[in-house]
Amino acid sequence: MLKRLFGGEPKPAPSLVEAWKGAASERRGHEFLMPLSPEQRADLLIALATEAQFRIGLEPGDMDGLAFTSFLRFDLRLRSDLIAIVVRVILENDRHSGYTHMLSHDFANILNRGAQAGGVLTRSDRILLVKLADRLEKNPHRSLRESERETRETIATLNRLAQRTPDALSAISERLDAEPSCNRLRPPPPFFDFWCDFFVAVSREADMLAKELKAKNLPDWTRSEAKFAERFPEDGLVPREFAIWRRSELGLPASWDRTDFKPLRNAGRRTGFAEYRGIRSLGREAFDALSAEVATLADHDWSRNWIPAADLLAADRKADDLAFVAVLAETPDTPTPGKAWLKRLRAAADAIGVEEARRRVAAWLEVFHRPGALADRIEDLNFCHAYGLMAATFELNFPAWRSLDAEALARLARWVALVCLAYPDGHRWSLHAFVQWERDRRAPDAPKIIYPDDRGQSYFGWGIATNVYRLTLENELLLRGAIWALAEGPGPDTVEILERTATVAIDRVLRARAAANAALNALAAEDSPAALEALTRLRRAIKDKAIANMVAKLLAKAAAKQGIAAADLEELGAPSYGFH
């Protein structure tokens, strides 16, 4: 701790404590603290922090949380008992990571000012600060980039005051072991092949019914119960409910009228109903192919402290491997790499072989960009999860269906399709509608929906966690370092890798602007016709005006460097349709 800068251990008068409580209850905490000396504030904070309210658990918005925050916005006279109490309060109230990081940042600033004023930390003080720095490292708060940068500064300040220099190789070693992503693909449920075929049959029936129901007049069976019974005969397995399309208790806003198939017949922006484009289904072979395409996206979590697919960068985890990854991890948070960092990168690459270093970063970048966290590929991954869960749900609810003949299954497929068209959620057309109808019909005795693995139950409607694709600042810096490393040793695939990386980094799911800028600048520096074509394609595809304008400037500068006129740029990157 910082030693007391002047003597005495005055105890706050009871009247001061009571006066503070009164001011805080009236939201006048800052006004009350302003005229007090740093010594008085420190004494008052210690008196309050030992009371019960600070041991119960602070909430960011409650009175005690606001009061504690107020103190850390002012200068305090630091001493061992004060620092011990502040660290204890922060560590014991870390349920809100953002609040913990905010308090730690303010506290680190107080410590820093005290050190600059001549204070000296004791050994016990440094131990406490190391503990606080470690807590911030292990429980990161991911919000805005500026908040992450602020946390990095806080950790660096605490380590410096504690006279601790973190070992880069040890830090990298800890980041190499990743936990499985919550989005990883689960094993298919039992009898998955059968349910895939059944879902394909439902999709075909839905398309035929939709064409019939979108006609100018609804078919006779929607008005006649007798004709309905002929079209959808009972089979003793699932009851056929006439006029399901007229039910009002759909659990949806009253403004969304679902009667008489209005979502199907009146879809569009005006009504807010999604256009019917079929009920997505796949046979087993097609499902396996799609799962293979999105497997990389499913396997890796970019939102944690660990490095995704770290074995591609340091498979053997030897000292030279770790040193190479450490340099990538210490990529400067600046628009350009800088000479000092490039010198370290080249030395680390030489140690493992320049070609090997390039191969590693190219393979690792592929994990990021192929297939990449683009909206359509995330939707594919979400479909794979939902499809497996749907098959597990049908197997759990309707195991007897597997013993039916083809004609009986066709009748069931037609009924399931009708329910899906009559009972939609308004957002998408899917088999979920039938499951929801079945659960509502059988509630509260409807069986739970269980995922086919050991991770416990998951009610249908659960989607994948898209936040796992929002890169931490550390992982975005690593990504930027890999881009710069790739550009150091260009090869025949460099342009393709940079273009794909930029495309994914720019997408709204990630918004990894720093990595995108690095890829775009690296493309502009490639000095080749292929790079100009890639930049032209990106300029046309990017919808963000600010980024598109930046790409246009990079493109014009790179084209001028290659002696290509601005008027000729429009022809670059355009599809040839087979003509040359």
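Residues numbered from 1 in each chain as written. Predicted model: local features only at pLDDT ≥ 70, side-chain atom pairs only at ≥ 80, totals over all residues. Heavy atoms only, no water.

Within the protein one finds 26 helices and zero strands. A burial count over the protein gives 48% of its 580 residues as buried. (Helix = DSSP H or I, 4+ residues; strand = E, 2+ residues; numbered from the N terminus. Buried < 20%, exposed > 50% of the residue type's maximum accessible area, 1.4 Å probe, protein only.)

Overall, the coordinates contain 34 aromatic pairs when judged by the stated rule. Lying across the ring of Phe-383, Arg-280 places its NZ or CZ 4.3 Å from the centre. Here the basic side chain of Arg-402 rests over the ring of Phe-191, its NZ or CZ set 3.6 Å away from the ring centre. (Phe/Tyr/Trp six-rings, centres within 6.5 Å; stacked < 30°, edge-to-face > 60°. Lys NZ or Arg CZ within 6 Å of the ring centre and 35° of its normal.)

Following Arg-370, the chain continues into Pro-371 via a peptide bond in cis, with omega recorded as 5°. Among the secondary structure elements, Pro-371 is positioned in the loop between α18 (354-369) and α19 (375-397). A positive phi angle is found at Asp-260, which is not glycine, with a value near 55°. Look at Asp-260 and you get partly exposed, because its relative accessible area is 30%.

This next bit is on the environment of Glu-31. With respect to the helices and strands, the residue Glu-31 is situated in helix α2 (residues 29-33). With 39 residues separating them along the chain, Glu-31 and Ser-70 place their C-alpha atoms 10.0 Å apart.

Below, the discussion takes up the side chain of Ser-203. Inspection of the secondary structure puts Ser-203 in helix α11 (residues 192-213). With sequence-adjacent residues up to four places away left out, Ser-203 is seen in contact with Ile-279 and Ser-281. (Contact = heavy atoms within 4.5 Å.)

Next up on the list: the pattern of salt bridges. Per the counting criterion, the structure on display carries 33 salt bridges. Note that Arg-149 and Asp-333 form a salt bridge whose closest N and O atoms lie 2.5 Å from each other. Here Arg-149 is found in helix α9 (residues 145-161), whereas its partner Asp-333 is found in the loop between α16 (319-329) and α17 (339-352), with 184 residues between them in sequence. Because the salt bridges share partners, they merge into one network encompassing Glu-39, Asp-43, Arg-79 and Asp-81. (Salt bridge = Lys/Arg side-chain N within 4 Å of Asp/Glu carboxyl O.)

Residues Phe-198, Trp-364, Phe-394, Trp-401, Leu-418 and Phe-434 are the most contacted members of the largest nonpolar core, which totals 127 residues. If we ignore the near neighbours within four places in the chain, the residues touching Phe-198 are Phe-394, Trp-401, Leu-409, Leu-412, Ala-413 and Val-416. By size, the runner-up hydrophobic cluster in this structure holds 45 residues, among which are Ala-49, Ile-90, Leu-111 and Leu-129. (Core = buried A, V, L, I, M, F, W, Y, C linked by side-chain atoms within 4.5 Å.)

So, about the confidence of the model for the protein. Predicted confidence across the protein gives a mean pLDDT of 84, with 84% of residues reaching 70 or more. With pLDDT under 50 throughout, residues 454-461 is counted as low confidence; its partners more than four residues away or in other chains account for 21 contacts. Every residue in residues 576-580 scores below 50 in pLDDT, and together they form zero contacts with partners more than four places removed in sequence or on other chains. (pLDDT = per-residue confidence, 0-100.)

A separate point is empty space enclosed by the protein. Taken as a whole and judged by the stated rule, the model has two cavities of 30 Å³ or more. In this model, the largest cavity occupies a volume close to 80 Å³. Leu-297, Trp-302, Phe-368, Ala-373 and Tyr-469 are, among the eleven residues lining the largest cavity, the residues nearest its centre. Elements represented by at least two residues in the lining of the largest cavity include exactly α15 (295-299) and α18. Class assignment of the residues belonging to the lining of the largest cavity gives a composition of eight nonpolar, three polar and no charged. (1 Å grid on protein atoms, 1.4 Å probe; cavity = no way out; pocket = protein on both sides within 12 Å on 5 of 7 lines; lining within 4 Å. Points joined across faces, edges and corners; volume = space filled by probe spheres on them. Nonpolar A, V, L, I, M, F, W, Y, C, P; charged D, E, K, R; others polar.)

Let us look at the environment of Ala-84. Along the polypeptide, Ala-84 turns up in helix α6 (residues 80-92). Separated by 41 residues in sequence, Ala-84 and Asp-125 have C-alpha atoms that sit 7.5 Å apart.

The next point concerns the packing of α11 against helix α20 (residues 406-422). Packing of α11 against α20 leaves a shortest axis separation of 8 Å and a crossing angle of 60°. Judged by the angle between their axes, α11 and α20 are oblique. Like other packed secondary-structure pairs, α11 and α20 cross with a definite hand, here right-handed. Contacts between α11 and α20 pair Phe-194, Phe-198, Ala-201, Val-202, Glu-205, Ala-206, Leu-209, Ala-210 and Leu-213 from the former with Leu-409, Ala-410, Leu-412, Ala-413, Arg-414, Val-416, Ala-417, Leu-418 and Leu-421 from the latter. (Axes fitted to C-alpha atoms, helices over the stretch in contact; angles between N-to-C directions. Parallel < 35°, antiparallel > 145°, perpendicular 65-115°, else oblique. Left-handed = near helix turned anticlockwise from the far one by under 90°.)

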